[in-house]
Amino acid sequence: MVNNNLKKAERGVWISILAYVFLSAVKLIAGFIGNSDALRADGLNNLTDVIASVTVLIGLRFAQKPADENHKYGHTRAETIASLIAAMIMFIVGIQVIVDAFKNFTSPTESTPELFTAFVALFGAVFMYFVYRYNRKLSKKLESKALYAAAQDNRSDALVSIGAVIGIVGSYLGFARLDSIVAAIVGLIICHTAWGIFKEAVHDLTDGFDAEKLKEIEEEIKNTPGVTLVKDLKARVSGNQTTVDAIIFVKSTLTIIEGHNITDKIEQRLRETYNIERVHIHVEPN
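Quantities reported herein were computed from a predicted structural model and do not represent experimental measurements.

**So, the overall build of the protein**
Tallying secondary structure elements over the protein gives 8 helices and 3 strands in all. Its C-alpha radius of gyration of 24 Å places the protein more than 25% over the 19 Å reference for a compact globule of 286 residues. The C-alpha extent of the protein, read off along each of the three principal axes, is 85 × 30 × 30 Å. Burial statistics for the protein: of 286 residues in total, 47% are counted as buried. Long-range contacts, defined here as pairs at least 24 residues apart, represent 74% of the contacts in the protein between residues at least 6 apart.

**Here's the deal with the environment of methionine 88**
Within the secondary structure layout, methionine 88 lies in helix α3 (residues 77–106). On the accessibility criterion, methionine 88 (45% relative accessible area) is partly exposed. Through-space distance from the C-alpha of methionine 88 to that of isoleucine 197 is 9.1 Å; in sequence the pair is 109 residues apart.

**Quick look at the sheet that holds strand β3 (residues 278–285)**
Here we have 3 strands laid out as an open sheet, ordered β1-β2-β3, and mixed in their pairing. The open sheet is flanked by β1 (229–238) and β3, the only strands paired with a single partner. Put simply, the sheet's adjacent strands are angled 10° from each other on average, direction ignored. In terms of strand pairing, β1 meets strand β2 (residues 241–250) through 8 bridges, oriented antiparallel. Note that in β2 the partner of alanine 235 across the bridge is valine 244. Docked against the sheet, helix α7 (residues 211–222) engages β1 and β2, running at close to 135° with respect to β1.

**Some points on the pairing of β3**
As paired elements, β2 and β3 share 8 bridges and run parallel to each other. Residue pairing in the sheet places phenylalanine 249 in a bridge with glutamate 284 of β3. In this view, the connection linking β2 to its parallel neighbour β3 by way of helix α8 (residues 256–274) has right-handed handedness.

**Comments concerning the pattern of salt bridges**
Throughout the structure, instances matching the rule amount to 11 salt bridges. Put simply, aspartate 207 and arginine 236 hold a salt bridge, and the shortest N to O gap is 3.9 Å. Placement of aspartate 207 in the loop between α6 (176–205) and α7 and of arginine 236 in strand β1 is noted, with a sequence separation of 29 residues between them. The class for aspartate 207 is partly exposed, based on a relative accessible area of 36%. In this structure, the salt-bridge partner of lysine 222 is glutamate 219, at a minimum N-O distance of 4.0 Å. Here glutamate 219 and lysine 222 lie together in helix α7, a separation of 3 residues that amounts to about one turn. The partly exposed category is assigned to lysine 222, whose relative accessible area is 37%. A relative accessible area of 40% places glutamate 219 in the partly exposed class. Overlapping salt bridges, with partners in common, bring together Arg77, Asp207 and Arg236 in one network.

**Digging into the nonpolar core**
In terms of nonpolar packing, the biggest core is built from 28 residues, with Val13, Val56, Leu60, Met128 and Leu147 touching the most fellow members. Broken down by secondary-structure element, the contributors of at least two residues to this core are α1 (2–33), α2 (37–63), α3, α4 (116–142), α5 (145–172) and α6. The greatest single-element share of this core, amounting to 7 residues, is contributed by α1. When sequence neighbours within four positions are dropped, the list of residues in contact with valine 13 reads Ser53, Val56, Leu57, Leu60 and Leu147.

**As for the packing of aromatic side chains**
Per the stated rule, a full pass over the model turns up 6 aromatic pairs. Ring geometry for phenylalanine 22 against phenylalanine 123: centres 6.4 Å apart, planes inclined by 85°, an arrangement best described as edge-to-face. Highlighted residues: phenylalanine 22 in helix α1 and phenylalanine 123 in helix α4, separated in sequence by 101 residues. A relative accessible area of 40% places phenylalanine 22 in the partly exposed class. Assessed through its relative accessible area of 41%, phenylalanine 123 is described here as partly exposed. Where tyrosine 129 meets phenylalanine 130, the ring centres are 5.9 Å apart and the plane angle is 70°; that geometry is what we call edge-to-face. Looking at tyrosine 129, the relative accessible area reads 37%, which means it is partly exposed. A relative accessible area of 56% places phenylalanine 130 in the exposed class. It is arginine 40 that lies over the ring of phenylalanine 32; its NZ or CZ is 4.9 Å from the centre.

**Here we look at the pairing of β2**
The element β2 is extensively covered by neighbouring structure, given that 8 of its 10 residues are classed as buried. Hairpin remark: β1 followed by β2, antiparallel, with 2 residues in the connecting loop; positive phi at glycine 239, about 65°.

The rules behind the values
- Residues numbered from 1 in each chain as written.
- Predicted model: local features only at pLDDT ≥ 70, side-chain atom pairs only at ≥ 80, totals over all residues.
- Heavy atoms only, no water.
- Helix = DSSP H or I, 4+ residues; strand = E, 2+ residues; numbered from the N terminus.
- Rg over C-alpha atoms; globule rule 2.2 N^0.38 Å.
- Buried < 20%, exposed > 50% of the residue type's maximum accessible area, 1.4 Å probe, protein only.
- Contact = heavy atoms within 4.5 Å.
- Pairing = 2+ DSSP bridges.
- Axes fitted to C-alpha atoms, helices over the stretch in contact; angles between N-to-C directions.
- Right-handed = clockwise from strand over helix to strand, strands pointing away.
- Salt bridge = Lys/Arg side-chain N within 4 Å of Asp/Glu carboxyl O.
- Core = buried A, V, L, I, M, F, W, Y, C linked by side-chain atoms within 4.5 Å.
- Phe/Tyr/Trp six-rings, centres within 6.5 Å; stacked < 30°, edge-to-face > 60°.
- Lys NZ or Arg CZ within 6 Å of the ring centre and 35° of its normal.

As far as function goes, none of this settles anything; it's purely spatial.
Pasting the structure below:
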């Protein structure tokens, strides 16, 4: 089930890669023909996004490897590492956009781009927006952190293209510095998005877990017939998998088989309610 989800997530990443290759070629050619620095920069940005998407793809592939002697829990954390690297690449791109915006603001270009380049940039923005919507929906369905990071990268690229549209139109109308102002804002948005992905990836890699969701899981276990007390409940995320460890107390008069049946019910409830497959329950007499 887990490997099947990761395989489906690969489909979304491949769509991103093909979209970036196609758009970078179109934007670079149109940028040179139409004398648009903004569109050429947008095309080069898409080329760097290919690297980020390939990194995510490698992470998803590695995460599908089965457990071995040195990785008894499997390799699913490779997916989280991939999203971490993708966030770092996004952050570098965002900083580069801001730096270029500052340079262009202090030294505005004298050249005037052809108006058709604005329509090319607009096409790229709309195209990447739909890729973003598809990958975001798929990432939530599959609970894939790496694909979610790729989707956020798609959205950032749509924003960069919108910035290129505004910059091209502004230059065409004689407002050369408008491009720089919009580019700086877009760069800040990209950095903010990258920071969010980076923070969540680090949180998962250091075995952090949402406290509210942990309380919900505790209530689900408490409400299981036969459980009198829940103690020392822990959970952690590895890729798109959640592992839960808990100590439960049951009546001391129960047999070993009856206690085992209670743990089976807990595993079933957590699987059906939260899609949690890895559940380790230790039973204590009360």
